[in-house]
Amino acid sequence: MTPHVEPDPQAGAAVKAADRAHVFHSWSAQGLIDPLAVAGAEGSYFWDYDGNRYLDFTSGLVYTNIGYQHPRVVEAIREQAGRLATFAPAFAVDVRSEAARLIAERTPGDLDKIFFTNGGAEAVENAVRMARLHTGRAKVLSAYRSYHGATSTAINLTGDPRRWPSDTGSAGVVHFWAPFLYRSPFYSSTQAEESARALQHLEDTIAFEGPQTVAAIVLETIPGTAGIMTPPPGYLAGVREICDRYGIVFVLDEVMAGFGRTGAWFAAEHYGVVPDLMTFAKGVNSGYVPLGGVAISAEIAATFDRRPYPGGLTYSGHPLACAAAVATIRVMEDEKVVEHAAHIGETVLGPGLRELAERHPSVGEVRGLGAFWALELVRDRETREPLVPYNASGEAAAPMAAFGAACKKNGLWPFINMNRTHAVPACNITEAEAKEGLAALDAALTVADEHTV
């Protein structure tokens, strides 16, 4: 694939100048950033105005599950815009109903009612609101090493440093340690120990907080930005049992892990668990038009049969977003994208990343499944000291910055967070493209190796 436009550095400079003059970027010190001006994208690639092409190993922000510019989804948006571009959420609209039906068909258990939002953070906000109203309780438990969004409740649920500037300490959120054997807070030596000890820690936390005060436990089925730590066998089932015992609502956040990312429609399928509420966004329509939502169990939906649900959004179930979702789900079904993600993970990405780990001393651990992988980069494999300190910035983060620059030099756009790089390409990435990405990672890891002891 080649860029579909002739290089035009002057146009790129104009785009960047307008951006710097008027666009206020998220999570950034505005005067310290230099955004790349993007000229176009297709499939697993995007390119700039200078003609440089990049294999996108971030799939946007882990949402272009079927790649950029899929013609069937683009056409569905175009057709819907010509037929009914928008309509208020209080009405029954065919494409909204169809999107809800297709999602409900794929969610586990009896999660058959769909509340639409504009994205993942709003989905988490509303899931927590539903849980609190359903139980009449206030507290919500969530894990350290997590990310749930940047709105008020969602950012307080988040367990990484992005929470700190906005944490009021009064949001009713209590954090706990979820399992992560490589950096176990429980001094475990096996996955079984880690699961058992993490469950005991969670139950102890509930006991000391007061079970009758806890409305919900919110977990990413597989934490995404925080490191793609696949839970050990039995852990999520154990959380389900704890929730059942204490009347706590179990909320699984599938915003990043859902819609084929892990080689299943939802990551919960890998662990045989059914939550009471499940949030989704991102891959539901490959991010082509903003859409998220909450899949709701029959029991919680019944709470609002005669009691109004006190929440809503102007653009809930927007027709253009729903049309994109309908088309995306049908593309994933017809083109077997979910099965392909499982296959590429088992046969190319997983083996290829583990082979890199054998040759590069900077790789401490490889973990993931499907099109959802993380490399833990370390200074010392024996001590597991991270390549850069937790939440490093400036000069302290220089080794990861050098690694990222080497990726881009080799035509790979990397997903980097703290001391990790994630391999999270489009779920329909081809075998040849995946191998291209692995080769670029191989070259860039030699730069990370220079910072090991």
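S.K.: I keep staring at the environment of C407 and nothing clicks. Help me out?
M.R.: The residue C407 is located in helix α13 (residues 398-409) in this model. Considering only alpha carbons, one finds C407 and H70, 337 residues apart in sequence, at a separation of 26 Å. Residues within four places of C407 in sequence aside, it is in contact with L412, P414, L441 and A444.

S.K.: Would you mind showing me how to read the packing of aromatic side chains here?
M.R.: We describe a pair of aromatic rings using the distance from one ring centre to the other and the angle between the two ring planes. A full pass over the atoms with the stated rule returns eleven aromatic pairs. Between the aromatic rings of Y144 and W177, the centroid separation amounts to 4.7 Å while the plane-to-plane angle is 40°, which identifies the pairing as tilted. With Y144 in the loop between β5 (139-143) and α6 (152-157) and W177 in the loop between β6 (173-176) and α7 (191-209), this residue pair connects regions lying 33 residues apart in the sequence. Judged by relative accessible area, which is 31%, Y144 ranks as partly exposed. Here W177 falls in the partly exposed class, since its relative accessible area comes to 33%. Three or more aromatic residues joined by ring pairs make a cluster, and in this case those are F259, W265, F266 and F280. We note R53 situated over the ring of Y45; from NZ or CZ to the ring centre the distance is 4.2 Å. The lysine or arginine in question, K408, covers the ring of W413, its NZ or CZ lying 4.2 Å from the ring centre.

S.K.: Can you help me understand the sheet that holds strand β3 (residues 53-56) in this one?
M.R.: To summarise the sheet geometry, strands pair through backbone hydrogen bonds and adopt either a parallel or an antiparallel arrangement. The sheet built from four strands is open, its strands ordered β1-β2-β3-β14 with mixed pairing. What marks the edges here is a single partner per strand, and that holds for β1 (38-42) and β14 (412-413). The sheet contact formed by β1 and strand β2 (residues 45-48) spans four bridges and is antiparallel. From the neighbouring strand, E42 faces β2, where its bridge partner is Y45. Here helix α14 (residues 431-449) sits on the sheet in contact with β2, β3 and β14, set at roughly 100° to β3.

S.K.: Even after reading the chapter, I still don't get helix α4 (residues 94-106), so can you show me in this structure?
M.R.: At 3.6 residues per turn, the α-helix brings residues three or four places apart onto the same side. The terminal C-alpha atoms of α4 lie 19 Å apart, and with 13 residues this matches the ideal 18 Å at 1.5 Å per residue to within 8%. Among the residues making up α4, those that are buried are V95, R96, E98, A99, A100, L102, I103, A104 and R106. Here the buried face of α4 lies against α3 (71-83), β4 (113-117), α9 (268-271), β9 (277-280) and α11 (319-334).

S.K.: What is the right way to read unusual backbone geometry from this model?
M.R.: Most of the time, phi is negative for any residue but glycine, and the peptide bond is trans. One non-glycine residue, K336, lies in positive phi territory at about 55°. Mapping K336 onto the fold places it in the loop between α11 and α12 (337-359). A positive phi angle is found at M418, which is not glycine, with a value near 55°. The topology assignment puts M418 in the loop between β15 (415-417) and β16 (420-423).

Analysis parameters
- Residues numbered from 1 in each chain as written.
- Predicted model: local features only at pLDDT ≥ 70, side-chain atom pairs only at ≥ 80, totals over all residues.
- Heavy atoms only, no water.
- Helix = DSSP H or I, 4+ residues; strand = E, 2+ residues; numbered from the N terminus.
- Contact = heavy atoms within 4.5 Å.
- Phe/Tyr/Trp six-rings, centres within 6.5 Å; stacked < 30°, edge-to-face > 60°.
- Buried < 20%, exposed > 50% of the residue type's maximum accessible area, 1.4 Å probe, protein only.
- Lys NZ or Arg CZ within 6 Å of the ring centre and 35° of its normal.
- Pairing = 2+ DSSP bridges.
- Axes fitted to C-alpha atoms, helices over the stretch in contact; angles between N-to-C directions.
- Expected span 1.5 Å × (residues − 1).

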